[in-house]
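A structural walkthrough
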Amino acid sequence: AQTVTQSQPEMSVQEAETVTLSCTYDTSESNYYLFWYKQPPSRQMILVIRQEAYKQQNATENRFSVNFQKAAKSFSLKISDSQLGDTAMYFCAFATLNNAGNMLTFGGGTRLMVKP
Amino acid sequence: SQTIHQWPATLVQPVGSPLSLECTVEGTSNPNLYWYRQAAGRGLQLLFYSVGIGQISSEVPQNLSASRPQDRQFILSSKKLLLSDSGFYLCAWSAGPGTNYGYTFGSGTRLTVV
């Protein structure tokens, strides 16, 4: 079974600085998908970024980028120029290819506080 | 474009009362549908998922049940609520077989059982 681990339950960062959230996963599959979701205080879950394991290039969405290390089974999220609106719970998620129901396995989450 | 609607947003129910939470998806057909529960400040617990009408898979045996009477409708129910059923419930959908673009979540229902 696949597992996703987020080892940092809570983190904080000063506004305008950069922060990196860690995520590791365990799988025997060679092709899969990885995701980062953001859950702000409103509790709406929002997809931040998606990575396909067969692509070498790290995904980027504006201030959000990932460092995907396939051999190390690591998928960290870097937030540049942190803003107060980035304060949220962040969840890392994993999915194998073509699994029944496109199921995602989620990590336990990292609570990020951006300080003014 | 695809949208997902979940209601109600907030619900306070007495112990022993029934529950019905509804989720509908627009703009797509044959979606995969999911119900998750989240305790305050905690992670996501998958309750049920469905890959088609009438097809329900349960991940955690409990006081809840799910049904999918129509292609884009997913309902979470209970006959008698327990205090432990309190939490934040999220519905989500994903596209059917093929490339996985992840889930799109509804806005959630905050359930308090008193």
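Everything below is about the structure shown above.
Residues numbered from 1 in each chain as written. Chains lettered and ligands numbered in written order. Predicted model: local features only at pLDDT ≥ 70, side-chain atom pairs only at ≥ 80, totals over all residues. Heavy atoms only, no water.

This paragraph deals with the overall build of chain B. Within chain B one finds 0 helices and 11 strands. Across chain B, helices and strands are ordered from the amino to the carboxyl terminus as β-β-β-β-β-β-β-β-β-β-β. For 114 residues, the compact-globule estimate of 2.2 N^0.38 gives 13 Å, and chain B sits close to it at 14 Å. With the principal axes as the frame, chain B shows a C-alpha extent of 40 × 30 × 20 Å. Here chain B holds 114 residues, and 47% of them are scored as buried. When contacts within chain B are restricted to residue pairs at least 6 apart in sequence, those whose partners lie at least 24 apart make up 54%. Total accessible area computed for chain B in this model is approximately 5200 Å², and 53% of it derives from carbon and sulfur atoms. Taking the average place of the 7 positive charges on the side chains of chain B and the average place of its 5 negative ones, the gap between the two points comes to 8 Å. (Helix = DSSP H or I, 4+ residues; strand = E, 2+ residues; numbered from the N terminus. Rg over C-alpha atoms; globule rule 2.2 N^0.38 Å. Buried < 20%, exposed > 50% of the residue type's maximum accessible area, 1.4 Å probe, protein only. Contact = heavy atoms within 4.5 Å. Areas by Shrake-Rupley, 256 points an atom, 1.4 Å probe, with all protein chains shown as cover. Lys, Arg positive; Asp, Glu negative; His and termini not counted. Charge placed at Lys NZ, Arg CZ, Asp CG, Glu CD.)

Take the environment of Ser42 of chain A next. All names here are of chain A. With respect to the secondary-structure elements, Ser42 resides in the loop between strand E5 (32-39) and strand E6 (46-52). With a relative accessible area of 52%, Ser42 lands in the exposed category. Distance in space between the C-alpha atoms of Ser42 and Phe64 is 20 Å, their sequence separation being 22 residues.

Residue and element names in this part refer to chain A. A complete count under the given rule lists 5 salt bridges over all chains for this structure. Linking Arg63 and Asp86 is a salt bridge whose minimum nitrogen-to-oxygen distance equals 2.8 Å. Taken together, the residues Arg63 in the loop between strand E7 (60-61) and strand E8 (64-69) and Asp86 in the loop between strand E9 (74-79) and strand E10 (88-96) connect sequence positions 23 residues apart. (Salt bridge = Lys/Arg side-chain N within 4 Å of Asp/Glu carboxyl O.)

So, on to the interface of chain A and chain B. Taken together, the contact between chain A and chain B spans 21 residues of the former and 28 residues of the latter. When residues of chain A are sorted by the area they lose upon contact with chain B, Arg43, Asn102 and Met103 of chain A head the list and together hold 33% of the total. Between chain A and chain B we count 0 salt bridges in total. On the surface where chain A and chain B come into contact, there are 10 residue pairs in polar contact (both at pLDDT 80 or more). Mapped onto the side of chain A that touches chain B, the elements with two or more residues apiece are E5, E6 and E10 of chain A. Sort the elements by how many residues they give to the side of chain A that touches chain B and E5 of chain A lands first, with 4 residues. Considering only residue class, the side of chain A that touches chain B consists of 12 nonpolar, 6 polar and 3 charged. (Buried area = accessible area lost by both parts, 1.4 Å probe. Polar contact = N/O pair within 3.5 Å; in protein donor to acceptor, adjacent residues only side chain to side chain. Nonpolar A, V, L, I, M, F, W, Y, C, P; charged D, E, K, R; others polar.)

Covalently bonding the sulfur atom of one cysteine to the sulfur atom of another cysteine gives a disulfide. Counted according to the given criterion, the structure contains 2 disulfides over all chains. Each sulfur of the disulfide joining Cys23 of chain A and Cys92 of chain A lies 2.0 Å from the other. Around the S-S axis, the bridge from Cys23 of chain A to Cys92 of chain A shows a dihedral of about -70 degrees and counts as left-handed. Here Cys92 of chain A lies in strand E10 and Cys23 of chain A lies in the loop between strand E3 (19-21) and strand E4 (24-26), a separation of 69 residues in the sequence. According to the relative accessible area criterion, Cys23 of chain A is buried, its value standing at 1%. Each sulfur of the disulfide joining Cys23 of chain B and Cys91 of chain B lies 2.0 Å from the other. Judged by the sign of its S-S torsion, about -75 degrees, the bond between Cys23 of chain B and Cys91 of chain B is left-handed. Note that Cys23 of chain B is positioned in strand E3 (residues 19-26) and Cys91 of chain B in strand E9 (residues 87-94), a separation of 68 residues in sequence. (Disulfide = S-S within 2.5 Å.)

To continue, consider the sheet that holds strand E8 (residues 73-78) of chain B. All names here are of chain B. With respect to topology, 4 strands assemble into an open sheet ordered E1-E3-E8-E7, the strand pairing being antiparallel. Pairing within the sheet leaves two strands with one partner each, and these edge strands are strand E1 (3-7) and strand E7 (65-70). Each neighbouring strand pair of the sheet contributes to a mean axis angle of 20 degrees, computed without reference to strand direction. Looking at chain direction, E3 and E8 are connected through 6 bridges and run antiparallel. The partner of Glu22 across the bridge, within E8, is Ile75. (Pairing = 2+ DSSP bridges. Axes fitted to C-alpha atoms, helices over the stretch in contact; angles between N-to-C directions.)

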